[in-house]
Each structure stands twice: as structure tokens, then as C-alpha cells.
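Listed below, chain by chain, are the residues.
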Amino acid sequence: MGAFDFGAITRALPYLWDGMQLSLLLTGLSAAGSIVLGTILALMRLSGIKPLQWIGATWVNFFRSLPLLLVIFWFYFLVPLIAQRQVDAFQSALVGFVLFEAAYYCEIMRSGIQSISRGQAWAGYALGLRYSQTMRFIVLPQAFRNMLPVLLTQTIILFQDTSLVFVVGLADFMTSAVTVAQRDGRLMELYIFAAAVYFLMCYGASLYVKFLQKKMHQ
Amino acid sequence: MIEIQHVNKWFGPFQVLKDCTSRVEKGEVVVICGPSGSGKSTLIKCVNGLEPFQEGIITVNGISVGDKATNLPKLRSHIGMVFQNFELFPHKTAAENIALAQLKVLGRSEDEARARGKLLLDRVGLGEMGHKYPSELSGGQQQRVAIARALAMDPIAMLFDEPTSALDPEMINEVLDVMQELARDGMTMMVVTHEMGFARRVADRVIFMDEGEIVEDATKDEFFGTPRSERAQQFLSKILHH
Amino acid sequence: MKYNWNWGILFEEPYFGWLVSGIEWTLIVSAIAWIIAFSLGSLVGVARTVNSMPVRAVATAYVELFRNIPLLVQMFIWFYVVPELVPDGLGRWMKRDMPFPEATSAILCLGTYTASRVAEQVRAGIESIPRGQTAAGLAMGLTLAQVYRYLLVPVGYRIIVPPLTSEFLTIFKNSSLALTIGVGEVLMQARQIENYTFQGFEAFTAATLIYVVVTLIVVFAMDRIEKRARIPGYGVQRGQ
Ligand SMILES: Nc1ncnc2c1ncn2[C@@H]1O[C@H](COP(=O)(O)OP(=O)(O)OP(=O)(O)O)[C@@H](O)[C@H]1O
Ligand SMILES: [Mg+2]
């Protein structure tokens, strides 16, 4: 089998970096989209309007009972069919991630909104703000701020989840590592390298989250 | 100005308000008191529609609060409200707290809102505190900012729900003084409070509530002179000999 | 949308048989992995609460290592890298003679990964028991080990029944990743049906239904167990 060949990694670095950029782009866009959608779902769940509550709850329970991998396959298969044209794997993966992760972000935002006392909303209404304004200027900013550590933790998970686009051949960091590994016959080097990179990024980010939590609690 | 007629309200099977009727004239100061859980907060929240009620009519300046067609946000923007726990927005500075609704509800310009805010902060004695966040202010200061925030909307009436009961004793007077001055300037006020000293000095009328009912509704002198109901007498003796 | 519906295909052989065998593999892999996750996770979780600094450090390192690397990477490492890293004899056995090498790797991967998550739940459960309880146990003359055995662990587990349910469901869903190393679980079979018949809609719907139904069954069953295991006054720590 031979010794660990660092050259196999250094030679592949530019290619792997391209993959990492795609991973980060997919993470960023998915997080942004699913936080917005998740917040809307959370507001629906808390609206007190039966049909909206039902839609929100069903969405959350449905997607949380499915493996992300299945959702990725679904949208890889569905989006081109619905769009009636070739759609590149990035777009269908993005759609899948947003709809799927929104279920998880929804629950975070829901508990964030519930953590804001009723009095805050009352104070907004009493000043003549409408529901939408009270949510936008008073409740949501506070919920978002209180939940920031949890939202970031979920985004770290989302970053790890993006590695699953490997199954539809989208050239993210994971797929790039696998491609090089198989091409050069250097499985050990590249998989351990991939693990190390993911570990350092995720562990580093989780340390930052811990620091943030400490700072918030003074 | 504020007219409350035969209001009944239930929380599920539990009746919180029982046939409440009263009125507040322009420029009048009405103090509401009564034991805990008697429905004082609920009644005052019905006046600006924060709590819906099932039966009866409440009108403010002739506009019916319970009417589905009423533009509640607009109506509320004319009625200031001050809460027991201040309810300043913790993610905004004092000045931003005061500016928010001026900008978003009244459509004032930034400059206008800031100038008005500065004036009101001066008036409540906090001219230099505009840049501070609520967590950096004492309870009494927070409550005065909350009053300034309500006044910034140029309200035609003010509702106070136990504005001093979350305060340390040494801060109570700084808030009561601001309120007394407001009353002197002719503001119409409904004040839920247990501060009987304030009631004696400032109130025109006193309403006593118990178990959701308005038991007494009398002028200040009548109320403190010869309260007619036994329940009010008991309540007063408890509060005064404390 | 031009698409030729053919729901009947799901009930034709060999496709129906594929789905059934997919369900079997999914359940087998999840169940065995869960046994590993639960035992190893309990051990690591308890280790995170003990007084010994080195023991805690090892347990913490375990948790951080496993939860900060994507499961897919771990899957590949178990399957492709571990046989290269272990001593020659074992490595040769793993490559040549180990039964069901794909499924075994998947089980080890899912088990050790989920153990890190279970460990966190166990730790949280134990830490949520007031310190006074430990003191009371020790004061009664129990050894620390006995306090864990008779007090902290049983009480802790009852508190964390709901999060453990969701961890089991996580392993069940994550078992789908085993397809990347060739385990014929549900999703693998659904894809295979799509490849052979081009009836992707039907195939994925079948897989979706299977996951939803199993989830509903587990949630329902655990709800019953939870009600039985509940200690009055304990364990209602999350808002609905
Ligand atoms: N949202 C609610 N749902 C159900 N019951 C409520 C609700 N809000 C208030 N109540 C009940 O209605 C009754 C009146 O409450 P309210 O807050 O108006 O009393 P209060 O006179 O203001 O008392 P306090 O002096 O303690 O503030 C109480 O018994 C209270 O428990
Ligand atoms: Mg009250």
C-alpha cells in the first residue's frame, strides 16, 4: 500500500479548492433561503390560523421524517421534469436543500419567537404598529439574535450535509476529493484529508459558536 | 372620550370581566385599583384592543374598539400605553425606541423623529440617555423612556398598567412625578396602580375592581371619604396599613 | 409535464421484491447500528460526566471528532480506509473474509457516529439531575458507581426518552447513506427501479412512504413508552 503520500494531496489542492468554493456557495445560499422560508413557516405555525398552522406543521413533520439523500434524489429527478428543460444539478440541489432545511430552521425560529415575551408584541401593537411591522421590527430581530448560536450550529450541520450532493455528481469539495481519490488511486490520503478539512472547519466554527454563547450570557 | 359599556369577557370558561361600565372624560385622570387577578390589566388592555372582548362596547373618541371594521393600529397610535415591565425593545437604544413608531406609523422623517425624541427625553429628565440600551438603564429610567416613547405619538389619552410596581421603592417617585406632570398638563389618563398617594394627589376618579366587576366608581373624595362597599373598605385598609 | 404513470410497476416482480429487500436492509442496518450507538453512546456520555479529567477529555474528543466530520466522509473512511489502517492480518480479513463488508462498514459507521450524538443526550440527561441527588445517594452509603447505576443513569434515561427517539429516527434516515458504499437499502432499491424502468416518480414515492410510515410508527410507539417511563414532575423540559 505504501506510505502516506502528501504529494497526492498537494497536487490536487487547486481542484479541491474549486470544490470547496462550491460547497460554501451552496451552504450560504441554502442557509439564507431556508432561514427565510423557515421563519415564514414558524410564523405560520404560530399564527393561530388553523389552515396555516396545519401547513407549517405538516411541512416540518414531513421533511423531518425523510432522509436528506431522498430529498436530493427527488429534486434531481423532479426539478427538470417540472421546469421542462435541463436544469443543472446545483439548482435542483439548492431547491431541495432550502425546502428540507427550512423544516429544521423553522423549529429553531419558532422557539426563538416563543422566547420573546407577549409584552414585547403588545408594546409594538400599542404604539400602532401592524402585525407585520411588530414581527419585523420587534419580535423577529430579537428572536434571531437569541437564536443566533443555534442557527449557526444548524448551518454547520447544513455545511456537512452539502457533502451529500456527491450522489448527484455535483462537484463540491466531497465529490472533488472522491474524484481525485479514484483517479489517482489515493483513497486513504484524500479521504483522510477531506475528513481533516471538514473537521477543522466545523470544529473551528463550533468553537466560535461557544464563544458567542458565552458573550451573549456575559 | 373613553366609554366602556356593559363589557363581558371570558378566557375560555372563565369570566374575567363582568358587565363593566364606565367612562373617562377628556382631561380626566382615573385610577383603577383592586386585588390581584381582579381584571384591571385585562380591562385596560381592552380599551386599546390588545385584548378582544366578547360582549359590550368600548369607544374611544366615538370609534368603536371592538368593531371589526375599525383600523386598530391607527386607533392605538392615538392611545399611549405604559406597561408594568416597561417593555422597551432591548435591541434598540432609548432614542431608537422612541423613534420607531414615529417613523413606521406616523411616517415622520428621521430628523423630525429624533428632534421630538430629544424633546421628550428632556421632559422626562433623561436628555443625555438617548444612546443607551435599555439594559444600561435603571428601572425608573426605563419606565420614563417608555413614557416618552408613548408620548412621542402625541396621544389623546394614556393608559398605565401598574407602571411602578416593578420598580425599587427609591425609583417610584421619579416615575410618579412624570405622570403627575402629565396630568397637570391636561392629559386624559387611565392608571392601574396601588399607589394611593398618587391617587389622592392626582386622580379625579377612582375605580375599584374585584373579581371582574367594577365595584366602586366614584370621585376621589367620595372614594377616600366613605367607600360604600365592604370589599373596597377591606382592600383600602389592607393597602393603607401596610 | 409529459410522464407515463405506472403505479402498478411497484407491485410487479422483481421490483416489489427489491423494495422488500431494501426495507429489510434498512431495518437491519439501523437496528444493529442503534445497539452500538446506544451502548457506546451511553458509555461516552457517562464518561463525560465523571470527575476524572483524562476520561472526560477522551470522551469529549470522541464526541467532537465524530460530530464534526460529515457522515458521508466517515462512511468512505470505514469502508475504504480503515482496512488499510488496521494491522495487516485484520485488514486482510476485512477485505477478503468479512461477511457483508458493505453492510458491516455501514453499521460501524452509523453506530459510532450516532454514539457521539447519543452521548450528548445522555450527558445532558445526567447533568439535568440536581447535584443534591448524587450527594444524597453518597450520604446513604452508596459508592459513586452505585449512584450512577441505580440513580443517575436510570433517571437520566427517562428524562431523555424523547431525544433518544429522535436519535433512533436519525440513524434510520442516515442509513440511506449506506447506498454510497453499495448496501441495498430502500433508497438504493428505489433508484435501481428508476434506472431500470424510468418510473422515478413511483419509485421515490414508494421510498418516501416507507420512511414516513416507519417514522410515524416509531413516534407513536415511543410516545406510549415515554408515557409509561415518565417520572411525575420530571422530564417535560422542552416546550411542546
Ligand atoms: N391570557 C389569559 N388566559 C387565561 N386567563 C387569563 C389570561 N390573562 C389573564 N387571565 C386571568 O384573568 C384574571 C384577570 O387577570 P388580570 O391580569 O387582568 O388581573 P389584574 O387585576 O391585572 O391582576 P394583577 O394585579 O395581578 O396584575 C386573572 O385571574 C388571570 O389569571
Ligand atoms: Mg395586572
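Here, residues in each chain are numbered from 1, in the same order as that chain's written sequence. Each chain gets a letter, beginning with A, and each ligand a number, beginning with 1, in the order they are written. Per-residue local features of the predicted model are confined to residues with pLDDT of at least 70, and side-chain atom pairs are confined, for both listing and counting, to 80 or more; whole-chain, interface and lining totals are unaffected and use all residues. The basis for the side-chain values is all heavy atoms of the structure; hydrogens and waters are excluded.

**Student:** Lay out the overall build of chain C with the relevant residues and their values.
**Tutor:** Every helix listed is a DSSP run of H or I at least four residues long, and every strand listed is a run of E at least two residues long, numbered separately from the N terminus. Within chain C, the regular secondary structure consists of 10 helices and zero strands. What you see in chain C, going N to C, is helices and strands ordered as α-α-α-α-α-α-α-α-α-α. Taken along its principal axes, the extent of the C-alpha atoms in chain C is 70 × 50 × 30 Å. Summary of the burial criterion: residues with accessible area below 20% of their type's maximum are buried, those above 50% are exposed, and those between are partly exposed, where the area comes from a 1.4 Å probe applied to protein chains only. The buried share of chain C, taken over its 240 residues, is 50%. Residues are treated as being in contact if the distance between any of their heavy atoms lies within 4.5 Å. Long-range contacts, defined as pairs at least 24 residues apart, comprise 78% of the intrachain contacts of chain C with a sequence gap of at least 6. Throughout, the Shrake-Rupley method with a 1.4 Å probe supplies accessible areas, and for residues the shown protein chains are the sole cover considered. With an accessible surface of roughly 12100 Å², chain C has 64% of that area assigned to carbon and sulfur atoms. Positive and negative side-chain charges of chain C, numbering 19 and 16 respectively, have mean locations separated by a distance of 12 Å. Only four residue types enter the charge count, namely Lys and Arg as positive and Asp and Glu as negative; His and the chain termini do not. To locate a charge, take atom NZ for lysine, CZ for arginine, CG for aspartate or CD for glutamate.

**Student:** Residues and numbers for the pattern of salt bridges, please.
**Tutor:** Salt bridges, as used here, are contacts in which a Lys or Arg side-chain nitrogen is within 4 Å of a carboxyl oxygen on Asp or Glu. What the rule picks out here adds up to 27 salt bridges over all chains. The partner of A:Arg118 in a salt bridge is B:Glu51, and the shortest N-O contact between them spans 4.0 Å. Here the residue A:Arg118 occupies a position in helix H5 (residues 118-126), and B:Glu51 occupies one in the loop between helix H1 (40-47) and strand E4 (55-60), the pair thus bridging two chains. Residue A:Arg118 is classed as exposed on the basis of its relative accessible area, which comes to 56%. Measuring nitrogen to oxygen at the nearest pair gives 2.7 Å for the salt bridge that ties C:Arg117 to C:Glu167. Within this pair, whereas C:Arg117 is found in helix H5 (residues 101-127), its partner C:Glu167 is found in helix H8 (residues 161-174), the two being separated by 50 residues in sequence. Accessibility expressed as a relative area gives 27% for C:Arg117, which makes it partly exposed. On the basis of relative accessible area, C:Glu167 is assigned to the buried category, the value being 3%. One continuous salt-bridge network, built from bridges that share partners, spans A:Lys210, C:Arg48, C:Glu64, C:Arg67, C:Glu120, C:Arg123 and C:Glu127.

**Student:** Account for the sheet that holds strand E3 (residues 29-33) of chain B, with residues named and values stated.
**Tutor:** Residue and element names in this part refer to chain B. The strand order across the open sheet built from six strands is E6-E7-E8-E3-E9-E10, with neighbouring strands paired in mixed fashion. The outermost strands of the open sheet, each flanked by one partner alone, are strand E6 (79-82) and strand E10 (213-219). Across the sheet, the mean angle separating the axes of adjacent strands is 15 degrees when strand polarity is ignored. Two strands form a pair only when DSSP identifies at least two bridges running between them. Of the strand pairs in this sheet, E6 and strand E7 (residues 157-161) are connected by four bridges, and their pairing is parallel. By the bridge assignment, Met81 is partnered in E7 with Leu159. The convention used is that axes are lines fitted to C-alpha atoms, helices contributing only their stretch in contact, and that angles between N-to-C directions extend from 0 to 180 degrees.

**Student:** Outline the sheet that holds strand E1 (residues 2-11) of chain B, supporting the account with residue identities and numerical values.
**Tutor:** All names here are of chain B. The four strands lie next to each other as E2-E1-E4-E5, forming an open sheet whose pairing is antiparallel. Only two strands of the sheet have a single neighbouring strand rather than two, namely strand E2 (14-24) and strand E5 (63-64). Packing against the sheet, H1 makes contact with E1, E2 and E4, and its axis sits at approximately 120 degrees to E1.

**Student:** Explain the nonpolar core to me, and be specific about the residues and the numbers.
**Tutor:** Ranked by size, the top nonpolar core spans 179 residues in total, and within it B:Ile2, B:Met190 and C:Met75 carry the most contacts. The biggest single contributor to this core is helix H4 (residues 89-114) of chain A, with 13 residues. Once residues lying within four places of it in the same chain are set aside, the contact partners of C:Met75 are C:Ala106, C:Cys109, C:Leu110, C:Leu177, C:Ala178, C:Thr180 and C:Ile181. Joining through side-chain atoms within 4.5 Å is the link that ties buried Ala, Val, Leu, Ile, Met, Phe, Trp, Tyr and Cys residues into a set, and such a set is a nonpolar core.

**Student:** Describe the site of ligand 1, listing the residues and the values that go with them.
**Tutor:** Residues and elements named next belong to chain B. Proximity is defined per residue: any heavy atom of the residue falling within 4 Å of a molecule or strand makes that residue near it. The local shell around ligand 1 consists of Phe11, Phe14, Val16, Pro35, Ser36, Gly37, Ser38, Gly39, Lys40, Ser41, Thr42 and Glu162. In isolation ligand 1 exposes 630 Å². Once the protein is present, 61% of that is buried. Mapped onto the shell around ligand 1, the elements with two or more residues apiece are E2 and H1. If you tally residues by element for the shell around ligand 1, the top one is H1, at three residues. Amino acids outside the nonpolar list (Ala, Val, Leu, Ile, Met, Phe, Trp, Tyr, Cys, Pro) and the charged list (Asp, Glu, Lys, Arg) are all regarded as polar, and Gly is one of them. The class makeup of the residues in the shell around ligand 1 is four nonpolar, six polar and two charged.

**Student:** Which residues make up the packing of helix H3 (residues 68-83) of chain A against helix H10 (residues 200-229) of chain C, and what are the values?
**Tutor:** In the contact formed by H3(A) and H10(C), the axes pass within 11 Å of each other and the chain directions differ by 160 degrees. Taken together, the axes of H3(A) and H10(C) are roughly antiparallel relative to one another. Note that H3(A) runs across H10(C); the crossing there is left-handed. Residues A:Leu70, A:Phe73, A:Trp74, A:Phe77 and A:Leu78 of H3(A) form the contact with H10(C), whose participating residues are C:Gly200, C:Phe201, C:Phe204, C:Thr205, C:Ala207, C:Thr208 and C:Tyr211. Residues belonging to the contact of H3(A) with H10(C) are distributed by class as follows: nine nonpolar, three polar and no charged. Each angle gets one of four labels, with under 35 degrees taken as roughly parallel, over 145 as roughly antiparallel, 65 to 115 as roughly perpendicular, and the rest as oblique. Helix crossings are classified by the rotation of the near helix relative to the far one: an anticlockwise turn of less than a right angle makes the crossing left-handed, while a clockwise turn makes it right-handed.

**Student:** Can you tell me about the interface of chain C and chain A, naming the residues and giving the values?
**Tutor:** The interface of chain C with chain A comprises 35 residues on the first partner and 37 residues on the second. Both sides of the chain C and chain A interface together cover about 3300 Å² of buried area, and 75% of this is carbon and sulfur. The residue C:Glu64 makes a salt bridge to A:Lys210 at a minimum N-O spacing of 3.7 Å. At the level of secondary structure, the elements contributing two or more residues to the side of chain C that touches chain A comprise helix H2 (53-67), helix H3 (71-85), helix H9 (186-197) and H10 of chain C. A per-element tally of the side of chain C that touches chain A places H10(C) first, with nine residues. Residue composition of the side of chain C that touches chain A, by class: 20 nonpolar, eight polar and seven charged. Buried area counts how much accessible surface, traced with a 1.4 Å probe, disappears from two parts once they are put together, with both parts' losses summed.

**Student:** Outline the environment of B:Val24, listing residues and values.
**Tutor:** Residues and elements named next belong to chain B. In this structure, Val24 sits in strand E2. Judged by its relative accessible area of 2%, Val24 is buried. In sequence terms Val24 and Ile44 are 20 residues apart; their C-alpha atoms lie 12 Å from each other. If we ignore the near neighbours within four places in the chain, the residues touching Val24 are Met1, Ile2, Val30, Thr188, Met189 and Met190.

**Student:** Would you mind going over H3(C) in detail, with residue names and values included?
**Tutor:** Residues and elements named next belong to chain C. Approximately 45 degrees is the largest bend angle found in H3, and it occurs at Trp78. For H3, the tally of buried residues reaches 11 of 15 residues, placing the bulk of the element in the interior. Those residues of H3 that fall on the buried side of the exposure criterion are Leu71, Leu72, Val73, Gln74, Met75, Phe76, Ile77, Trp78, Val81, Val82 and Pro83. Two axes define the bend at a residue: one fitted to the seven residues ending there, one fitted to the seven starting there, and the bend is the angle between them.

**Student:** Describe the packing of aromatic side chains, with residues and values.
**Tutor:** Two aromatic rings from Phe, Tyr or Trp, using only the six-membered ring of Trp, form a pair when their centres are within 6.5 Å; if the ring planes differ by under 30 degrees the pair is stacked, by over 60 it is edge-to-face, and anything between is tilted. Taken as a whole, this structure holds 32 aromatic pairs over all chains when the rule is applied. Seen from their ring centres, A:Phe77 and C:Phe204 are 5.7 Å apart, and the 70 degrees between their planes marks the pair as edge-to-face. Pair noted here: A:Phe77 is in helix H3 and C:Phe204 is in helix H10, and the two residues belong to different chains. Classification of A:Phe77 by relative accessible area gives buried; the value is 13%. With a relative accessible area of 1%, C:Phe204 lands in the buried category. Seen in terms of ring centroids, C:Trp5 and C:Phe201 are 4.7 Å apart; in terms of plane orientation they differ by 80 degrees. Their pairing is edge-to-face. Residue C:Trp5 is found in the segment before helix H1 (15-47), and its partner C:Phe201 is found in helix H10; the two are separated by 196 residues along the sequence. Judged by its relative accessible area of 45%, C:Trp5 falls in the partly exposed class. Taking the relative accessible area as the measure of exposure, C:Phe201 reaches 18% and is therefore buried.

**Student:** Can you explain the interface of chain B and chain A? Please cite residues and give values.
**Tutor:** Listed as interface residues are 23 residues of chain B and, on the opposing side, 19 residues of chain A. Listed by contribution, the elements that provide at least two residues to the side of chain B that touches chain A are helix H2 (72-77), E6, helix H3 (94-104) and helix H5 (139-151) of chain B. For the side of chain B that touches chain A, the per-class residue count stands at 13 nonpolar, three polar and seven charged.

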